[in-house]
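Listed below are the residues making up each chain.
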Amino acid sequence: MPRFPVFTPMGIGLLLALASAPGRAAEGSAGAPVNLPAPVVRARQLLSAGQTDQAERLVRAALASGADDGLLSLAGEIHFRRANFPEATRAYEAALALNPDNARAWWGLGRIEQAQFRGQRARDLFSKAFALNHRDTDIILAYADFVTDLASKSILLDNVARLARLLQPERAQRAVAQRLIQERLQGRTPSRLSSPYAAYRLRLTGFRPTTSAQDGILVSARINGGKPLHLLLDTGARGIVIDARAARNLALETIVASRLGGFGDTGAGESRVALARTVAFGDLAFEECLVEVSDHSLTGGADGILGADFFGRFKIGVDPQARILQLTPFDDATAAPPDRAPLVDPKAGSQPAVPAVGIRNLLLVKARVDGGKEGLFLVDTGAAFTAVSPEYLPPTALPPGHPVELMGAQGPLSAAFRVGPMALRVDGLPLVEHAPLAMDLGPISQLEGIDIAGILGYSTLGKSPFTIDLRNGLVEFARAGRH
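Our subject in this report is the structure included herewith. (Residues numbered from 1 in each chain as written. Predicted model: local features only at pLDDT ≥ 70, side-chain atom pairs only at ≥ 80, totals over all residues. Heavy atoms only, no water.)

**Points about the overall build of the protein**
Threshold: Each helix corresponds to a stretch of at least 4 residues labelled H or I by DSSP, and each strand to a stretch of at least 2 residues labelled E; elements are numbered beginning at the N terminus. Think of it in three bands: residues with accessible area under 20% of the maximum for their type are buried, residues over 50% are exposed, and the middle band is partly exposed, with areas taken using a 1.4 Å probe on protein chains only. Note on contacts: a residue pair qualifies if any of its non-hydrogen atoms lie within 4.5 Å across the two residues. In this description, accessible areas are obtained by the Shrake-Rupley approach with a 1.4 Å probe, and a residue is regarded as covered only by the protein chains that are shown.
A count of helices and strands for the protein gives 13 helices and 26 strands. Looking at the 483 residues of the protein, the share that counts as buried comes to 55%. Restricting to contacts in the protein with at least 6 residues of sequence separation, those with at least 24 account for 67%. Total accessible area computed for the protein in this model is approximately 19,700 Å², and 53% of it derives from carbon and sulfur atoms.

Structure below.
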């Protein structure tokens, strides 16, 4: 049976961004108040363990006995996990109506705003939550994302490390690592553009790891002026990740040891976060770039993975058939992006671009398999195949076909099956997928803290051009790709 390198490792994002992932917290978060009703404690433990249905039943039963702001706030977290933002908002607002000092309700509202690219509003809500509770590590990390002063941010990360040391040791370790990276950079933003802020047009090459079929696209990069490296362009990953073989003789400066998570049955692998003086793509150049170096090979046929967020200061146009990556600067790049407003083209009577949900530089779009349920699909050129979680497929799509053996960042991935051709609607736009997979996406949903119904992989995205805007959270598919 063929082996396909499919899913991305979530590289450096695991270290730098996942520290704030809500799905990883134990009750309360370390440092949160412990004098909470027993149902809240138990339900949050269930939610942290990925047992969302059980947590929801427990909260509903407890709320039947009377309204409680802690239970309502937790109900909001459950709705957020299910990506039901309207219900989450109602639950948080109901909690605040009972107790305006409920910090986690303010934090929850901030998460909703942040996920919908309303950063200014999110910042204000996180600040309010932090003013009410500066010992909840979820709240501290959310607030710290908007703190630019190095000394202040280091204090916040130190507080997270101390508060999480006993109950959440992994979170404590990530906070320490994040502080070390901040201090090494002395408050400077990593991956700063050192070439002119202008339009760039990069050539891509086809990625054919094990078969004659093209499973992705590669970008050529030079790190510290070394030999060209072929990196898989991956809209479903964060940062740059290369394997140890590719890192030889690159004079990378190791900052801290790390653990590389992602798909696969063998668990997280050893890695290290290093600093590169320069990363260049032809005339396009960046300085002081973070690079995660994996102890084992991630993707056969490539030297590593390049998360599309590395180009996040540009509008990113991908033309898989022409093998062109077009990077277009924003007109107001120096200003903070405004909060995203509803998108309607009055001339066309429809949306010119699809508004996405953003989870730490990953974009998820609403999609529905015809006859199935609507859910969030990760836009992921690093996945060779489009995949759907079975509960979002129509009953007629099951039982699935023959199993397919996949390779993820952490080894073989079991329990993936072929299903028949399906029609997808991405926020109302029709797309066709001829050879999708059905597979359990619970692990990646738990990792990211929100239910992911499916993955729009290269088998779908590679058919026609598309554009992603990580600044404003927009995805635009070419009309040629709408069937």
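We are not done yet, so read on.
**Concerning helix 5 (residues 85-98)**
Since there are 3.6 residues in each turn of an α-helix, residues three or four apart along the chain are aligned in direction. Stated precisely, the cut-off is as follows: Expected span of a helix, by definition, is 1.5 Å for each gap between consecutive residues, and there is one gap fewer than residues. Note that the arc is defined by the directions from the helix axis to the C-beta atoms.
Its 14 residues give helix 5 an end-to-end C-alpha distance of 20 Å, which sits within 8% of 20 Å, the value for a rise of 1.5 Å per residue. For helix 5, the set of buried residues is Phe85, Ala88, Ala91, Tyr92, Ala95 and Leu96. The buried residues of helix 5 occupy one face: seen down the axis, they fall within an arc of 135°. Contact partners of the buried residues in helix 5: helix 4 (69-81), helix 6 (103-115) and strand 14 (357-359).

**Remarks on the pattern of salt bridges**
In plain terms, the rule: A carboxyl oxygen of Asp or Glu within 4 Å of a side-chain nitrogen of Lys or Arg is what we treat as a salt bridge.
On inspection of all chains with the given rule, the structure shows 24 salt bridges. One salt bridge connects Asp136 with Arg104, and the closest N-O pair in it is separated by 2.6 Å. Taken together, the residues span a long stretch of sequence, with Asp136 in the loop between helix 7 (119-132) and helix 8 (137-144) and Arg104 in helix 6 at a distance of 32 residues. Each member of the pair, Asp136 together with Arg104, is buried. The salt bridge partner of Arg245 is Asp303, with a shortest N-O separation of 3.4 Å. Taken as a pair, Arg245 in helix 11 (residues 244-247) and Asp303 in the loop between strand 9 (284-294) and strand 10 (304-307) lie far apart in primary sequence, 58 residues in all. The structure contains a network of salt bridges with shared partners spanning Arg44, Glu77, Arg104, Asp136, Asp138 and Arg171.

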